[in-house]
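Examining the three-dimensional arrangement
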Amino acid sequence: SVAANWFSSKGKIALLDIDYHAGNGTQDIFYERSDVLTISIHGDPEYEYPHYIGFADETGAGAGLGFHKNFPLPAGTDDSGYLSALDEALKVIQDFAPKYLVLSTGMDIFDGDPLGKFHVTQNGICEIGKRIAELNLPTAIIMEGGYANEALGNNIVSLLENFK
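The paragraphs below set out a description of the structure included in this document. This structure is a prediction, so every number in the text was calculated from the model and none was measured.

Now for helix α4 (residues 122-133). Here α4 spans 17 Å end to end across 12 residues, near enough to the 16 Å set by a 1.5 Å rise per residue. When α4 is considered as a whole, its buried residues turn out to be Gly-124, Ile-125, Ile-128, Gly-129 and Ile-132. One face of α4 carries all of its buried residues, which in axial projection span an arc of 145°.

Let us look at the packing of helix α3 (residues 79-96) against α4. For the pair α3 and α4, interaxial distance at closest approach is 10 Å and the crossing angle is 10°. The orientation of α3 with respect to α4, classified from their angle, is roughly parallel. Between α3 and α4, the contacting residues are Asp-79, Tyr-82, Leu-83, Leu-86, Asp-87 and Leu-90 on the first element and Gly-124, Glu-127, Ile-128, Arg-131 and Ile-132 on the second. Grouping the constituent residues of the contact of α3 with α4 by class yields six nonpolar, one polar and four charged.

For the rest of this paragraph, the subject is the pattern of salt bridges. Here the structure, examined in full by the defined rule, presents five salt bridges. Note that Lys-117 is salt-bridged to Glu-48, the shortest N-O span being 3.1 Å. Of this pair, Lys-117 sits in the loop between β4 (100-105) and α4 while Glu-48 sits in the loop between β2 (36-43) and β3 (68-73), and the two are 69 residues apart along the sequence. The closest approach of N and O atoms between Lys-91 and Asp-95, which form a salt bridge, is 2.7 Å. Of the two residues, Lys-91 and Asp-95 are both situated in helix α3; the distance of four residues between them amounts to about one turn of the helix. Note on Lys-91: relative accessible area 45%, which makes it partly exposed. One connected set of salt bridges, linked through shared partners, spans Asp-87, Glu-127 and Arg-131.

Next up on the list: the side chain of Ser-158. Inspection of the secondary structure assignment puts Ser-158 in helix α5 (residues 149-160). When its relative accessible area of 8% is taken as the criterion, Ser-158 is described as buried. At a separation of 3.1 Å, a polar atom in the side chain of Ser-158 contacts the side chain of Gln-122. Within polar-contact distance, the side chain of Ser-158 engages the backbone oxygen of Asn-154 at 2.9 Å. Setting aside residues up to four positions removed in sequence, Ser-158 forms contacts with Gln-122, Ile-125 and Cys-126.

Quick notes on the rules
- Once a new chain begins, its residue numbering starts again from 1 and follows that chain's sequence as written.
- Owing to the predicted nature of the model, reporting of local features is limited to residues with pLDDT of at least 70; listing and counting of side-chain atom pairs is limited to 80 or more, with chain, interface and lining totals taken over all residues.
- Think of the side-chain values as coming from all heavy atoms in the structure, minus any hydrogens and water.
- Secondary structure follows DSSP: runs of H or I at least 4 residues long count as helices, runs of E at least 2 residues long count as strands, and numbering of each begins at the N terminus.
- One fewer than the residue count of a helix, multiplied by 1.5 Å, yields its expected span.
- Three labels apply to residues, based on accessible area from a 1.4 Å probe with only protein chains included: buried if under 20% of the type maximum, exposed if over 50%, partly exposed otherwise in between.
- Picture the helix axis, draw a direction to every C-beta atom, and the arc is the one those directions span.
- To get an axis, a line is fitted to the C-alpha atoms, and for a helix only the part in contact is used. The angle between two axes follows their N-to-C directions and goes from 0 to 180 degrees.
- Angles below 35 degrees are treated as roughly parallel, those above 145 as roughly antiparallel, those between 65 and 115 as roughly perpendicular, and all remaining angles as oblique.
- Contact criterion: two residues are considered in contact whenever any of their non-hydrogen atoms come within 4.5 Å of each other.
- All amino acids are sorted into three groups, where Ala, Val, Leu, Ile, Met, Phe, Trp, Tyr, Cys and Pro are nonpolar, Asp, Glu, Lys and Arg are charged, and the leftover types, Gly among them, are polar.
- Every case where a carboxyl oxygen of Asp or Glu lies within 4 Å of a side-chain nitrogen of Lys or Arg is listed as a salt bridge.
- Pairs of N or O atoms within 3.5 Å make up the polar contacts considered here, provided that, within protein, one atom can donate a hydrogen while the other can accept it, and that residues adjacent in sequence are counted only when both atoms are side-chain atoms.

In structure tokens, the structure reads:
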């Protein structure tokens, strides 16, 4: 959120949160702003923390109405389901036409992460990185979560190798 706030002084930015948990702090900070588009793809708050924020009908307020989008996904979401939500999110970003992208990166979306209930594979994470990199935007990548320690390094490399 600090990076997004700093970049916003340089032009329109989009912040895409791919961490397993809803980007509640980011949503709170930018919810009434139209210069920062915020998008969070996460576990549905009906079953996952935080249970009070991250619902699909939360779209911003005041000047920020329409500049926030949540993609709450069901437990068991796999590569296909995640990539479908990501494609929709990327379309929203393209339509907004930001100058910069901030990517809040959580590898707790990985299948086997002890804190997540998604089944996104390492190949899925590679594809996530590829599709985000295709936006061709200057991107600040911020590491957030990931607790499958044995796979964490390989997963983040799979995502990052697409940004050159």
